[in-house]
Amino acid sequence: TKLSQLPARFPLACQWEITCRCNLRCVMCYTDCRNRPDFVRHELATDEILRLMDEMAEAGTLEICLTGGEPLARPDFFTLYEHAIRQGFLVTLFTNGTLIHEAEADYFAVLRPHRIEISLHGVTPQTFERVTLGTGSYRRCLEAIHFLLARQLPLVLKSTALTLNRHEILAIKRYVDSLATVPFKLGEELRPDLNGSNEPFRYALSEQEVTALNQEDTELREETCRQKTVTPMPCESGMHRFHID
């Protein structure tokens, strides 16, 4: 539902990098350069995050996306998550899934998120773990998907097309399509490292390769055509959407 009476500037939705900690070291990750103890020591403390959530609720914020790094790598993650839910926010979680076991899935089933988005980098351990650099991460990610689906939690699976997984992107999409109720998203943009390095772009596909990939699948091709015909909405950054790093 569109909120037509909002002021021109209103803090409607927030994306929040609550940590740069992560149990994986994905090759294209722009925050991994700060996945170190010296940076972790400067992250916002639990009480600071809870206070900011209270201020956001008072200001009228409706949506919060908790991301990282890996949000569940924070020892206080469920304290933060529960507070956000109790405040009435629509909470989306961006995660690699590998820290979600049955106990965590049970917790989410009780305090349900608006959406959980998991990055699925391949359909074989070899490809997946060439991206994550984490032994066993493929198995743990698939287990998390199973646990969440068994509890009928709102799940989205997404992939970034890279030189390392280009050959499996369509197989990833077919796997997600087989899950029936789970949407698939392709095409997260690569960004420079937070330290200014362009290292993630080593794994970027060329524009020609992206075009060729989209032409290989009817839905991807139709989505590409749709995006070309739709007039882009004005940027809402700093207007109705804001980011906390």
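Refer to the structure above for everything that follows.
Worth saying up front: this structure is predicted, and the values here are computed from it rather than measured. Residue indices follow the written sequence of each chain, beginning from 1 at its first position. Reporting of local features is limited, given that this is a predicted model, to residues whose pLDDT is at least 70; pairs of side-chain atoms are given and counted only at 80 or more, and all residues count toward the totals for whole chains, interfaces and linings. Only hydrogens and water are set aside when side-chain values are computed; all heavy atoms of the structure are taken into account.

With respect to the sheet that holds strand S2 (residues 63–67)
For two strands to count as paired, DSSP must find a minimum of two bridges between them. The helix count covers DSSP runs of H or I at least four residues long, the strand count covers runs of E at least two residues long, and both are numbered beginning at the N terminus. A sheet is described by the order of its strands in space; here seven strands give the open sequence S6-S5-S4-S3-S2-S1-S7, paired in parallel fashion. With one partner strand each, in any of the chains shown, strand S6 (184–186) and strand S7 (241–244) form the two edges of the open sheet. When strand polarity is set aside, the average angle formed by the axes of neighbouring strands in this sheet is 20°. Both strand S4 (residues 115–119) and strand S5 (residues 155–159) contribute to a ladder of four bridges, which runs parallel. Across the sheet, residue Glu-117 finds its bridge partner in S5, namely Val-156. We call two residues contacting when some pair of their heavy atoms lies within 4.5 Å. The convention used is that axes are lines fitted to C-alpha atoms, helices contributing only their stretch in contact, and that angles between N-to-C directions extend from 0 to 180 degrees. Relative to strand S3 (residues 90–95), helix H3 (residues 77–86) is tilted by about 150°, and along the sheet it contacts S2 and S3.

Examining H3
Buried residues are those whose accessible area, probed at 1.4 Å on protein chains only, stays under 20% of the maximum for their type, while exposed residues exceed 50% and partly exposed ones sit between those limits. Every buried residue belonging to H3 is among Phe-77, Leu-80, Tyr-81, Ala-84 and Ile-85, and all of these are buried. End-on view of H3: buried residues confined to an arc of 135°, all on one side of the axis. Buried residues in H3 make contact with helix H2 (46–59), S2, S3 and helix H4 (102–110). Just beyond H3, the residue with positive phi is Gly-88, at close to 90°. Here, the arc refers to the directions that run from the helix axis to the C-beta atoms.

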